Structures are given as structure tokens and as C-alpha cells.
Amino acid sequence: MAYNQDLIETIISDQVHHELHSIQDFLRWTYSTFNRADIYYGHGYDNAWDEALQLVLTTLDLPIDFPAELYGANLTRTEKEVLLRLVIQRIEKRIPVAYLTKQAWFCGLNFYIDERVIIPRSPISALIQTGFANLLTTEPKRILDMCTGSGCIAIACAEQFPQAEVDAVDLSADALSVAEINIERHNMLHRVYPIQSDLFNDLPKDQYDLIVTNPPYVDMEDLADMPKEFQHEPEMALGSGIDGLDITKRILAAALDYLADNGVLVCEVGNSMVHLMEQYPQIAFNWVELKNGGVGIFAITKAELIKHHTLFQ
């Protein structure tokens, strides 16, 4: 059932405030409250319990693997007030948990997140953690993360390939400011380099062994139907024209000039994969199977891009 204003007022009443004492109390209450609420899970978590854990433990500056036997510890009045406020914001304003806690996890790494960037959730994480197995012939030394946002893909790639240098490119100066926070947080100042550019327009002609990109790819119809939680994310990081492929087509047109001879482009297009296959039936995109269940990621070699170059012009 959806929450109305009377129920919100009940939640913050003294009675509720005084009856919740321990971490366990707040975890149980937050879990139940989320289950009753009309909220959408799609920003790194797909259920009320995982969101409750993330919200409560992160807000208390506790790790997600905090021992359950310590859940009985009591909270201070200030801690209770902060948690109550955040739970209400999650329900009433439909703000994703990552924006409330200013944190999100990607490839086992913790990132600073705010509303200048989309929340990390790309299934590309599964490819990074396997070192892009069966897609690369050699370990990459030069990597480009196009449309980097928070920098999570660039930093995770640098962690996976310790000998590589990574260029993290984005059009948004705001997004790059967040990426810089994360680059410093993960001690990557000398290996991950934020660059402001409209895709390849302002980049020198470098040769990358791997270009990985999670560009905006939501088509106009899906963008209009997205739950309210997505309205807190930058629209320029989500929508990409009527078919969701405006940015992807530009990347496909220019990427071959920036790939080494054995280089590979890995690109996420999500549900817009249907449009891509319909518009380019002559191209055998390598749609990657992912262990985490994600779809809509293809890999394409430089040779294939050269072969079909005229199609993207």
C-alpha cells in the first residue's frame, strides 16, 4: 500500500521514535516500511532487505558485513533521528538509497555518489572482474572509459589491470568532479585521468587496447515510463534519442580511430539492443553472456568496425 501524509507523520511520531532502540530494531522497521511502500528497486539492489541494510549500516558508518551478533547495540537519539529522516525521504521523495548515503558499491569497491552522476549498476562489472575473459587477446595497457560518470568503471578497470593507464572521459564537468573524488579515494591519481570531452571530439588520437563504455542508451518511450527514482539522476546520462542509440552510433563511428590493431570496444546498450540489431542486421555483434544476468552488452573488434565503417557514417 502507498504511504499518505498521515502515515508519514505516524512514522516520525514520538511513539515510534521511542520504541526503536537498537540496530536490529531499525533494520526490521526499515525493512517492513520499505515493503509496505510504493518504491522501486533498481539502483544496485532489487529488494527491500538489501536496501534496508545499505541505508541503516552505511548511515551508521558500519560495514555491510558488520557482525549480526552486534545488531543489538543501542543507537543514540541523533542516530535515530537521522535514520528516520532518510527512510522518510526514500519513501516520500523516492530518492534512491545511494543518493541518501552518498555511497554505492561497484566491483567490490566503494564509491562516493551524488546526484551529479548516475548510480553505478552496470553489468559490465562482471566482465571487469573476469578481466574481460575471451574478449581480449592480451592484457590491456591503455584503456578508455567513455562516459565515465562517477569513474567507477575506469577505477575498477585500473584495479583489475594494475599495469594499465585509464582515461576517464565525460562531457559533464559535474560528473568529472565526482570522478575526481573517487580517483583520489582509490589512490589512482597517477593511473586514472579524468578528461572532459564530447565523446572523442576533444581527445588526441591515442591507441587504446580496450574502450569500455556505458553511454546513455534509454529510448524515448522507456525514458517517459521510468519510475520516479530515476528522475533524481541526470537525464543527460540516461536518454539518447528516440531509439536510445544516438550516443552509441557516434561511438561506433569514431572508435576505430582510437583502437589499437587488436583493440576491442565493449559497449552497454541495455534494452536498446533490440533497436541496434534491427538497424544493423548485417553486423554480427558479439552479445556477451553475463553471469550476473545482465543483458545488452556487446563487444566488437577494430577489424569489424573497419569492415562496417560506412554503416555508421
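The model shown is predicted, which means the values in this text are computed figures rather than measured ones.

Description of the overall build of the protein chain
Tallying secondary structure elements over the protein chain gives 13 helices and 9 strands in all. Taking 20 Å as the expected radius of gyration for a compact globule of 313 residues, we find that the protein chain reaches 21 Å, a close match to that expectation. By its C-alpha atoms, the protein chain is 70 × 40 × 35 Å across when sized along the principal axes. Scored against the burial criterion, the 313 residues of the protein chain give a buried share of 54%. Long-range pairs, those at least 24 residues apart, make up 70% of the contacts in the protein chain with a sequence separation of at least 6. For the protein chain, the accessible area works out to roughly 14700 Å², and carbon and sulfur atoms hold 49% of it. Of the charged side chains in the protein chain, 22 are positive and 45 negative, and the gap between their average positions amounts to 2 Å.

Looking at the nonpolar core
Formed by 69 residues in total, the largest nonpolar core has its most connected members in Ile23, Ile128, Phe132 and Val266. The leading source of residues in this core is helix H8 (residues 152–160), at 7 residues. Ignoring anything within four residues of it in the chain, the contact list for Phe132 reads Leu127, Cys157, Phe161, Leu210, Val212 and Val266. Ranked by size, the runner-up nonpolar core spans 31 residues in total, among them Val169, Leu265, Tyr280 and Phe285.

A look at the packing of helix H3 (residues 23–36) against helix H5 (residues 77–92)
Two elements in contact, H3 and H5, have axes separated by 11 Å at closest approach and are oriented at 15°. Viewed along their axes, H3 and H5 adopt a mutual orientation that is roughly parallel. Considering the relative orientation of H3 and H5, their crossing is right-handed. Along the contact surface, H3 presents Phe26, Trp29, Thr30, Thr33 and Phe34, while H5 presents Lys80, Leu83, Leu84, Val87, Arg90 and Ile91.

Calculation notes
Residues numbered from 1 in each chain as written. Predicted model: local features only at pLDDT ≥ 70, side-chain atom pairs only at ≥ 80, totals over all residues. Heavy atoms only, no water. Helix = DSSP H or I, 4+ residues; strand = E, 2+ residues; numbered from the N terminus. Rg over C-alpha atoms; globule rule 2.2 N^0.38 Å. Buried < 20%, exposed > 50% of the residue type's maximum accessible area, 1.4 Å probe, protein only. Contact = heavy atoms within 4.5 Å. Areas by Shrake-Rupley, 256 points an atom, 1.4 Å probe, with all protein chains shown as cover. Lys, Arg positive; Asp, Glu negative; His and termini not counted. Charge placed at Lys NZ, Arg CZ, Asp CG, Glu CD. Core = buried A, V, L, I, M, F, W, Y, C linked by side-chain atoms within 4.5 Å. Axes fitted to C-alpha atoms, helices over the stretch in contact; angles between N-to-C directions. Parallel < 35°, antiparallel > 145°, perpendicular 65-115°, else oblique. Left-handed = near helix turned anticlockwise from the far one by under 90°.

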